[in-house]
Amino acid sequence: MSANNEYTASREELLALIKRYPSSEAVAPAKDIVAGRYRILTNQPLQGLSSKFAMAYGVHDEQVPGASLYALVYQNNAPLRQKNIEALKDFAHPNMVSLLAFAAVEISTLSEVRMVAVLERPSGQTLSSLLAEGKRPVSQTTLVNFLLRPLAEILKILAQKGISHNRINLDNVYMADNRILLGECISEPSGFSQHFLFEPIERILTLPLGKSDNAINADCYALAVLTLHLTLGFKPFTGIEKESFIEDVLVKGSYTVLAAPWDFSDELQDFLRGLLNDGRRERWDPESIVNWLSGRKFNLIQPSAPHESSRGFDCMGTVYYNRKAIANALFKTGQDAGGVLAENKLSRWVENSAHKPELTEMIARIASHVNVDNIRSVNEALARTITLLDPAGPIRFKHLSVMIDGMANVFAEAFFTENQEDIQTLVQMLDSDLPGFWLEQQPGTPPADYSVMGFKLPRVRGFMRMKGLGFGIERSLYDLLPGLPCQSKLVKRYHVTTLRDLLLALNIAAAQHAAEADFMDRHIAGFITSRLDIGKEMRVNELDALPFFASHAGLVALKLLIKAQNKVESAMELHGLCSWVAIKLMPVTDMLHKRGARQDFRKRLTDAAATGRLKNIANLLLKPDVFIADHNSFYEAVVAYTMRARQIGELNNQSLIMRHARVVGRGIAQTVSYGICLISVYYTLKAYLRF
């Protein structure tokens, strides 16, 4: 039997072995049922409650048939607000929709496992629709008792839980049975679809996916804008363009733009002045709102226009009077603003207006190193200067603007949409350490989420450069989004989020994919190294003596799987996965030259796979003795064969034989001639000398 036939026979035996052990669908939960009671009505989509990241469906509660509920079925790569989900599982308030269940569920129409949230279905009308009907303005008493008190109470509790809502707007607050009901805040990343009117300036300047996840002060701001609309009884800013609004706020301030044109009571003016504050640290928090509702007097003065100097700064033909406006102008102007920095006029303006010598010195130092002929130098200098001018705003580099804890979502979106420009921009942002520089400029102790990302990002930057199995962009993705399920096409339908589920999913997938696909791709490898926090590229050190094996991708993949199995449960039996691994690593046995040894090794490999233990396969493949002994024997045989072949070649070479014959013949003839000559001399001498 040829080596190829031997391999084919072993492969067929292993494929049969996979079928012999029926895989348990342990990682596939019940179809369309959440928590054993909530049935998802996949034939009843609810577009009005859906988002870009989750589709809404009706729900039938089998224990309470009349309950009005709905389900959010998330996409498999959706960036979940995991902290919010965990905190809201045990939270119930009469003025906010309740999260009743959250679990992984197999959706029958998709044939995939998805994360599903079951929520109370809001009833009544949205405040937006009520205003559109021309309802009268809400009185201050009604506003305080029916809207502000319950919503302030909710915000205070959310702040205590370390989360924020970030979807407080006219379309997500409902009025039913004389009760205000706040809608959900988990269908999308923080503030993704929030209208810019309901966001403070630092979040308006940020990409929708790049906003901070925990921004309770943004909720307080949104509550003020909501109050403004209800007090007026109509939508005063319908049709306003976002860019025009940003310019107005940067020049005049949020309070002046939103509230100053209208007449309010003194108490309500205090409320709006405290919340529509463009200083994030000075803006009222939920505790301040509660104090105001309790009757505390603040007597805040009306904010003036945010002018920091009577002399404006000319940026590309437009004059600005404060640092935030200049920062935004530099960002919008982009690379063309490199000349503005190089002229060094900005540092002098800051010195005269802000009276901060240290800030002036830093801006001047950046300007002195700008090379206007080097695009990378200009972009980095602009990003750092913008951060110095407006540290409360996002990190702004080239065309991207993100908060440090929003970078993960922007990176994931770029990866899944294959937006190479955004990926490269984010990589350059990390290479320039702009997140670290931004963190250094934040006053006081940065929030915990900022600190965590500040620790993660330098590591991610290093992993992106590494090309080995388990690293690169995929590893970075799972490090930045630890809740993201494995995106490998081999296991994606199972929504794998743990190493145990990954191994079980691969065990199940073996029957379908073993014949044509490898048992590991870069997503699986990146998922494993991320979950195990492996920081160095792996090698098969056991086979260092054999360079071909030391970096063999299949053997490295086997070692990763073994580490995963050891982390979970080393005794776990994975017959399907082991057979799959054996099939794909069977070609390794071709390195054995002896037919008998090769046949024996393949049989032992098949037997090891039958145990369902990956370590038994490793014990066979990762021991160099057999391969080294075979290599040495083969080398000796090659040397001996070479010598014999040379000898045979010489014997088969006719010209060489003729030349050799002539040499030998000449030698024999000479010898015979010498002999005859000697004999002749002898007899001649004997005749004459008579001896």
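Residues numbered from 1 in each chain as written. Predicted model: local features only at pLDDT ≥ 70, side-chain atom pairs only at ≥ 80, totals over all residues. Heavy atoms only, no water.

## Points about the pattern of salt bridges
Argument step 1. Inspection of every chain in the model, using the stated rule, returns 30 salt bridges.
Argument step 2. Its salt-bridge partner being Lys211, residue Glu199 comes within 2.7 Å of it at the nearest N-O pair. Of this pair, Glu199 sits in the loop between β9 (179-182) and α5 (201-204) while Lys211 sits in the loop between α5 and α6 (216-232), and the two are 12 residues apart along the sequence.
Argument step 3. Assessed through its relative accessible area of 7%, Lys211 is described here as buried.
Argument step 4. By sharing partners, the salt bridges in this structure join Arg459, Arg475, Asp479 and Asp533 into a single network. (Salt bridge = Lys/Arg side-chain N within 4 Å of Asp/Glu carboxyl O. Helix = DSSP H or I, 4+ residues; strand = E, 2+ residues; numbered from the N terminus. Buried < 20%, exposed > 50% of the residue type's maximum accessible area, 1.4 Å probe, protein only.)

## Re helix α14 (residues 357-368)
Argument step 1. Taking 1.5 Å as the rise per residue, α14 with 12 residues should run 16 Å; its terminal C-alpha atoms sit 16 Å apart, in good agreement.
Argument step 2. The complete set of buried residues in α14 reads Leu359, Thr360, Met362, Ile363, Ile366 and Ala367. Down the axis of α14, the buried set is contained in an arc of 165°. They therefore lie on one face. Across from the buried face of α14, at angles greater than 90 degrees, the exposed residues are Pro357, Glu358 and Ser368.
Argument step 3. Next to the buried residues of α14 lie α11 (323-333), α12 (338-342), α13 (345-353), α15 (375-389) and α18 (434-440). (Expected span 1.5 Å × (residues − 1). Arc of directions from axis to C-beta. Contact = heavy atoms within 4.5 Å.)

## Some thoughts on the environment of Gly393
Argument step 1. One can find Gly393 in the loop between α15 and β12 (395-397).
Argument step 2. It is 31 Å that separates the C-alpha atoms of Gly393 and Phe234, two residues lying 159 residues apart in sequence.

## Details of the pairing of strand β8 (residues 173-176)
Two faces belong to every sheet, and in a regular strand the side chains alternate between them.
Argument step 1. For strand β7 (residues 125-126) and β8, the ladder comprises 2 bridges, and the chain directions are antiparallel. Its bridge partner being in β8, Thr126 is matched across the sheet by Tyr174.
Argument step 2. Relative to β9, β8 is paired through 4 bridges, and the arrangement is antiparallel. Residue pairing in the sheet places Ala176 in a bridge with Arg179 of β9.
Argument step 3. Taking the residues between adjacent antiparallel strands as the criterion, β8 and β9 are bridged by 2 residues, where Asp177 takes a positive phi near 55°. (Pairing = 2+ DSSP bridges.)

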